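# Descriptive structure summary
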Amino acid sequence: MSDKYTPIIGMEVHVELSTESKMFCRCSAVHFQVPPNTHVCPVCLGLPGALPVPNGKAIEDTIKIGLALNCQINTQSKFDRKHYFYPDLPKGYQISQYDQPLCYNGLVTLSNGKRIRITRVHLEEDTGKLKHEKVEGKDVTLIDYNRSGVPLVEIVTEPDLSTAEETKEYLKLIHSTVRFLGVSDADMEKGSMRLEANISLSTDGGLPAYKVEVKNVNSFRYIGAAIDYEIERHKNLLEKGEMPRQETRGWNLGGRKTVSQRSKEEAKDYRYFPEPDIPPLVIEREKVERFKNELPILPSQVIATLVEKGIRLDYAQTVAENQELTKYVLELVELAKENIDRLVGVVINAKEDWHKLSPAELIERVSSKEKEKITDEDQIEMWVKEAISQNSGVVEDYKRGKTNALQFLLGQVMGRSKGRAEAKVVARILLERLT
Ligand code: ZN
Ligand code: MN
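A brief look at the structure comes next.

What follows covers the coordination of the manganese ion (ligand 2). Donor atoms from the polypeptide that coordinate the manganese ion (ligand 2) comprise His14 (NE2), Glu124 (OE) and Glu154 (OE), at 2.0 to 2.2 Å from the metal. Counting along the primary sequence, the residues that act as donors to the manganese ion (ligand 2) give the motif H-x109-E-x29-E. Of this pair, Glu124 sits in strand β7 (residues 115–125) while Glu154 sits in strand β10 (residues 151–157), and the two are 30 residues apart along the sequence. With respect to burial, Glu124 and Glu154 carry one shared label: buried.

Quick look at the state of the cysteines now. Simply put, disulfide is the name for a covalent bond between the sulfur atoms of two cysteines. Tallied over the entire structure, the rule returns zero disulfides. Cys71 takes part in no disulfide bond, and the closest cysteine sulfur to it belongs to Cys103, at a distance of 5.4 Å.

The geometry of an aromatic ring pair is captured by two quantities: the separation of the ring centres and the angle between the planes. Applying the stated criterion across every chain, the model contains six aromatic pairs. Pairing Tyr328 with Trp354 gives two aromatic rings, centres 5.1 Å apart and planes at 50 degrees, and the pair type is tilted. Pair noted here: Tyr328 is in helix α7 (residues 323–335) and Trp354 is in the loop between α8 (340–348) and α9 (359–371), with a separation of 26 residues, a long-range link. The exposure class of Trp354 is buried, given its relative accessible area of 12%. Three or more aromatic residues link up through ring pairs in this structure, and these residues are Tyr84, Tyr98, Tyr270 and Tyr272. Between the NZ or CZ atom of Lys82 and the centre of the ring of Tyr270, over which it lies, the distance is 4.4 Å. When the ring centre of Tyr315 is taken as reference, the NZ or CZ atom of Arg312 above it lies at 4.1 Å.

Around the zinc ion (ligand 1), the protein contributes the donor atoms Cys25 (SG), Cys27 (SG), Cys41 (SG) and Cys44 (SG), which lie 2.3 to 2.4 Å from the metal centre. Taken in sequence order, the residues that donate to the zinc ion (ligand 1) follow the motif C-x1-C-x13-C-x2-C. Remark: Cys44 occurs in the loop between β1 (6–16) and α1 (56–68) and Cys27 occurs in the loop between β1 and α1; sequence separation between them is 17 residues. Cys44 shares its class with Cys27; the two are buried.

With respect to topology, three strands assemble into an open sheet ordered β5-β4-β15, the strand pairing being antiparallel. Of all the strands in the sheet, just β5 (93–96) and β15 (273–274) have a single pairing partner and so form its edges. The pairing of strand β4 (residues 80–83) with β15 spans two bridges and is classified as antiparallel. Bridge pairing links Asp80 to Pro274 in β15.

Our focus in this paragraph is the packing of helix α10 (residues 377–389) against helix α13 (residues 423–434). If you want to describe how two helices pack, look at the angle between their axes and the distance between the axes. Here α10 crosses α13 at 55 degrees, and the two axes come no closer than 10 Å. One element, α10, and the other, α13, form an angle in the oblique class. Taken as a pair, α10 and α13 cross one another with a handedness that is right-handed. Facing Glu377, Ile380, Glu381, Val384, Lys385 and Ile388 of α10, the residues of α13 in contact are Val425, Val426, Arg428, Ile429, Leu430, Arg433 and Leu434. Residues that form the contact of α10 with α13 fall into these classes: eight nonpolar, no polar and five charged.

The next point concerns the environment of Gln407. Positionally, Gln407 belongs in helix α12 (residues 404–416). A relative accessible area of 54% places Gln407 in the exposed class. For the pair Gln407 and Ala427, spaced 20 residues apart in sequence, the C-alpha separation works out to 9.1 Å.

Neither face of β4 is left uncovered, since the one carrying Asp80 and Lys82 and the one carrying Arg81 and His83 both have all their residues buried. Both β4 and β5 contribute to a ladder of four bridges, which runs antiparallel. Within the sheet, the bridge partner assigned to His83 lies in β5 and is Tyr93.

Another aspect to go through is the nonpolar core. Within the largest apolar cluster, 93 residues are counted, with the highest numbers of intra-cluster contacts made by Ile65, Ile155 and Tyr170. It is helix α2 (residues 164–181) that provides the largest number of residues to this core, a total of eight residues. With residues up to four places along the chain from it excluded, the contact list for Tyr170 reads Met11, Val108, Leu110, Ile116, Ile118, Ile155, Thr157 and Leu161. Within the second largest apolar cluster, 20 residues are counted, among which are Trp383, Ala387, Ile388 and Val425.

Moving on, we get to α13. For an α-helix the count is 3.6 residues per turn, leaving residues at separations of three or four pointing the same way. The end-to-end C-alpha distance of α13, which contains 12 residues, comes to 16 Å, matching closely the 16 Å that a straight helix rising 1.5 Å per residue would cover. In the core, the buried residues of α13 are packed alongside α10, α11 (392–399) and α12.

What counts as what
Residues numbered from 1 in each chain as written. Chains lettered and ligands numbered in written order. Predicted model: local features only at pLDDT ≥ 70, side-chain atom pairs only at ≥ 80, totals over all residues. Heavy atoms only, no water. Donors = N, O, S within 2.8 Å, 3.2 Å for Na, K, Ca; no water. Helix = DSSP H or I, 4+ residues; strand = E, 2+ residues; numbered from the N terminus. Buried < 20%, exposed > 50% of the residue type's maximum accessible area, 1.4 Å probe, protein only. Disulfide = S-S within 2.5 Å. Phe/Tyr/Trp six-rings, centres within 6.5 Å; stacked < 30°, edge-to-face > 60°. Lys NZ or Arg CZ within 6 Å of the ring centre and 35° of its normal. Pairing = 2+ DSSP bridges. Axes fitted to C-alpha atoms, helices over the stretch in contact; angles between N-to-C directions. Parallel < 35°, antiparallel > 145°, perpendicular 65-115°, else oblique. Left-handed = near helix turned anticlockwise from the far one by under 90°. Contact = heavy atoms within 4.5 Å. Nonpolar A, V, L, I, M, F, W, Y, C, P; charged D, E, K, R; others polar. Core = buried A, V, L, I, M, F, W, Y, C linked by side-chain atoms within 4.5 Å. Expected span 1.5 Å × (residues − 1).

In C-alpha cells, the structure reads:
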C-alpha cells in the first residue's frame with residue numbers, strides 16, 4: 001500500500017519580526033507578558049479614519065529573509081487587503097500582500113539533495129489574540145489587541161516535501177535562518193513562529209484534487225506527528241474509495257491526532273484588493289545588493305562547510321541551530337589539524353564546556369587527554385587477555401623459548417590501547433599471564 005501513494009506536502013510558516021514598533025503604527029510591538037490592550041492605538045484597533053504607515057525596518061527584514069532563502073526580490077511591491085471576519089481582526093481585513101509579494105522564487109536544499117522551492121515570502125500584520133477564560137464563574141472569550149498589527153512574515157513553499165522528516169529539516173533551517181539574521185526570535189512557545197502544513201496523497205504522481213491544512217502546531221515534533229497522522233488517515237480513506245475532505249484541521253495534543261475545524265477557504269473568498277491607503281513600494285536595487293553582501297553566514301552554508309570538512313551530518317545540523325556555537329565550531333575547525341569530527345563531538349556532547357574554553361584551549365585539552373598514559377590495570381588486563389587468546393600460535397612460540405614472541409604480544413596490547421597503555425604495566429601483566 002505504501003508505494004501506491006505519494007505524500008505531497010507544502011508548508012506555510014509565519015514568523016513574527018522582532019521590530020520595536022508595529023507594522024503600520026508606532027505602538028510597541030512587544031506583546032508577550034504585557035498587560036492586555038496597553039500597546040494599542042486607532043490604527044491597530046482598526047478604528048475608522050486611521051491611516052496605516054508601513055514600518056521600513058520590517059520591509060528590510062523581510063527582504064533579508066527572502067535573500068537568505070535565495071529568492072528574487074520584487075522591485076515593485078504593494079500591500080493588499082485580505083478580507084475575512086473574525087473578532088481578533090478588528091478592521092475586518094488583514095493588510096497583507098497578494099500578487100506582488102516582496103520576495104518570490106526562492107530555494108532551500110535539504111541534506112538529501114532535494115530542492116524545496118519557495119513560492120513567496122511576503123509581509124503582513126498579525127491579528128489580536130483571543131483568550132478563553134472564566135470570569136465570575138462564566139466562560140468568556142477576551143480579546144487582547146497588543147499583538148494586532150505586529151509585523152508578520154509568511155514563507156510559503158511549493159508542495160515539494162514528501163515526508164515528516166524532510167518537513168522537519170526544512171523547518172529547522174527556516175527557524176535558524178531567521179534567528180541568524182537577527183530578525184525574529186522564532187520562539188514557537190511564544191507563537192513567534194507558527195507552522196501550517198498542506199497535506200495530500202497523490203496516486204498518480206500528479207497533484208491531488210484535494211488538500212488538508214493542519215494549523216496551529218507549535219513544535220517540530222508535533223508537526224511531524226501531525227503529518228504522519230494525516231498520511232495514514234488519507235490512506236485509509238482512499239483505500240475505501242473515499243476522497244479526504246478539503247478542510248482545515250488542528251493538532252490535538254492530548255489525543256495525538258488532528259481534528260476537523262472548518263472547510264478550507266479559496267483565495268477568491270478573501271476578496272483581495274490593493275490597500276488604497278498605502279502607496280506602492282519601490283525597492284531599490286542597490287539596497288538589495290547591499291543586504292545580499294551583508295548577509296551573515298547562514299545555517300545551510302554552515303552545514304555544507306562542516307560536512308565538507310568531514311563532520312557528521314547530524315553534528316553539522318546541531319551546530320547550525322545555534323549562531324554562537326557556529327562561530328565557535330568554525331574557529332575550532334579552522335584551528336584543528338586533525339580529529340575534527342571528534343573535537344566537534346566533544347563540544348556537542350558537552351564533554352567539555354566550550355563556553356569556558358577558547359577553541360585553541362579546547363584542542364589543547366582534548367589532545368593532552370589523549371596523550372595521557374593508561375595505567376588502569378583492569379583495562380590493560382582485558383587487552384592482554386584479548387591479545388593472548390587471538391594469538392595462540394605466538395603464545396606457543398613464546399613457551400618454546402622464542403623471546404621475540406613476547407615483543408609481538410606487547411605490540412598487540414599497545415595497538416589495542418592506541419599506544420596509550422603504560423608499557424611497564426603491560427609487560428608485567430603479560431608476563432604474569434604467560435607463566
Ligand atoms: Zn497601534
Ligand atoms: Mn498569513
